[in-house]
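# Examining the three-dimensional arrangement
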Amino acid sequence: MSAEGETRLELARLSKSLFDRGFSVGSAGNISVAVPDGLLITPTNSCLGFLDPDRITKLDADGNHVSGDAPSKEIFLHRAFYETRPGTGAVVHLHSTFATALSCLTDVDAEDCIPPLTPYVVMRVGRVKLVPYVRPGDAKAGDLIRDLRGAHAAVLLANHGPVVSGKDLRSTVFAAEELEETAKLIVLLRNSPTRLLNSEQVDELNRIFAAY
Ligand SMILES: [Zn+2]
């Protein structure tokens, strides 16, 4: 099988895994992965649990549709990460419950909306920015990500859900899972006195486990 064929299979396999464990429902969520001559992305209105690897959308390096079904309407989010963060190999966007819950709260720190509760969220996700709401499919979403100039590997779209980028498909899916599980902890611990990692502990993690 060709390298792209393997990538298509892995995209379908990891998408199904997310769907099977409730990280995505219905046709929510979209995932893209870089290939040498462009980008593969889940099609519009597709369900992550039932992707046909042969129908996954392929775009060329300029974003033109090459093959497969029409691309996710949230393609703008994906392209903005590839354009502003060199080395991006994959982007995962979910409407996972707890991260989306956080994205709706009015009292989160928009500059750092996932506090450092555990080392793993620091190592795998980094500092997460809350991006203002725009209608799904509005190209303005891409502009808002571009405005960050690559400073964040992950964002929460207000009243919508998380977008996570990473160096390859597998590690990006894992980072999206880590973000969701941390969001769950944050919601569980709301109103409880909570010890966060301090700045020295966060600096140590960033030094030793150089984030993507
Ligand atoms: Zn969405």
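Refer to the structure above for everything that follows.
The sections below set out a description of the structure shown in this document. (Residues numbered from 1 in each chain as written. Predicted model: local features only at pLDDT ≥ 70, side-chain atom pairs only at ≥ 80, totals over all residues. Heavy atoms only, no water.)

## Here's the deal with the coordination of the zinc ion
Here the zinc ion is held by the protein donor atoms Glu-74 (OE), Glu-74 (OE), His-93 (NE2), His-95 (NE2) and His-160 (NE2), which lie 2.0 to 2.5 Å from it. Mapped onto the polypeptide sequence, the residues donating to the zinc ion form the spacing pattern E-x18-H-x1-H-x64-H. Judged by relative accessible area, which is 0%, His-93 ranks as buried. Note on His-95: relative accessible area 33%, which makes it partly exposed. (Donors = N, O, S within 2.8 Å, 3.2 Å for Na, K, Ca; no water. Buried < 20%, exposed > 50% of the residue type's maximum accessible area, 1.4 Å probe, protein only.)

## Focus: the packing of aromatic side chains
Geometry of an aromatic ring pair is reported as the spacing of the ring centres plus the angle between the planes. Scanning all chains against the criterion turns up 1 aromatic pair. Relative to Phe-50, the ring of Phe-19 lies with its centre 5.7 Å away and its plane at 65 degrees, an arrangement referred to as edge-to-face. Of the two residues, Phe-19 is situated in helix H1 (residues 3-20) and Phe-50 in the loop between strand E2 (38-41) and strand E3 (57-60); the sequence distance between them amounts to 31 residues. On the basis of relative accessibility, which here comes to 65%, the residue Phe-50 falls in the exposed class. (Phe/Tyr/Trp six-rings, centres within 6.5 Å; stacked < 30°, edge-to-face > 60°. Helix = DSSP H or I, 4+ residues; strand = E, 2+ residues; numbered from the N terminus.)

## Looking at the pattern of salt bridges
Scanning all chains against the criterion turns up 15 salt bridges. Between Glu-83 and Arg-79 there is a salt bridge, with the nearest N and O atoms lying 3.6 Å from each other. One end of the pair, Glu-83, and the other, Arg-79, are both in helix H2 (residues 75-84), 4 residues apart, so they sit about a helical turn from each other. Its relative accessible area of 45% is what places Glu-83 among the partly exposed residues. (Salt bridge = Lys/Arg side-chain N within 4 Å of Asp/Glu carboxyl O.)

## Some points on a nonpolar patch on the surface
On the surface, Leu-185, Leu-188 and Leu-189 cluster together into a nonpolar patch covering about 250 Å² of accessible area. Inspection of the secondary structure puts Leu-188 in helix H6 (residues 169-189). (Patch = residues over 30% accessible without salt bridge, like charges linked within 9 Å, V, L, I, M, F, W, Y side chains within 5 Å. Areas by Shrake-Rupley, 256 points an atom, 1.4 Å probe, with all protein chains shown as cover.)

## Looking at the side chain of His-160
By the secondary structure assignment, His-160 is in the loop between strand E7 (154-157) and strand E8 (161-166). Polar side-chain contacts of His-160 include one of 3.1 Å to the side chain of His-93. (Polar contact = N/O pair within 3.5 Å; in protein donor to acceptor, adjacent residues only side chain to side chain.)

## Examining the sheet that holds strand E6 (residues 129-131)
Strand order in the open sheet made by the 8 strands is E4-E3-E2-E1-E5-E8-E7-E6, with mixed pairing throughout. Each edge of the open sheet carries a strand with a single partner, namely strand E4 (65-67) and E6. The average angle at which neighbouring strand axes cross in this sheet is 25 degrees, direction not considered. Inspection of the sheet shows strand E1 (residues 30-35) paired to strand E5 (residues 90-93) by 4 bridges, in the antiparallel sense. The residue of E5 that forms the bridge with Ile-31 is Val-92. H1 contacts E1, E2, E3 and E4 of the sheet and is inclined by roughly 160 degrees relative to E1. Sheet strands in contact with H6 are E1, E5, E7 and E8, and its direction is about 145 degrees off that of E8. (Pairing = 2+ DSSP bridges. Axes fitted to C-alpha atoms, helices over the stretch in contact; angles between N-to-C directions. Contact = heavy atoms within 4.5 Å.)

## Details of the side chain of His-93
Within the fold, His-93 resides in strand E5. For His-93, the residues in contact, after removing those within four places along its chain, are Gly-29, Asn-30, Glu-74, Leu-77, His-78, Leu-157, His-160, Gly-161, Pro-162 and Val-163.

Read these as layout, nothing more, since geometry by itself doesn't imply function.
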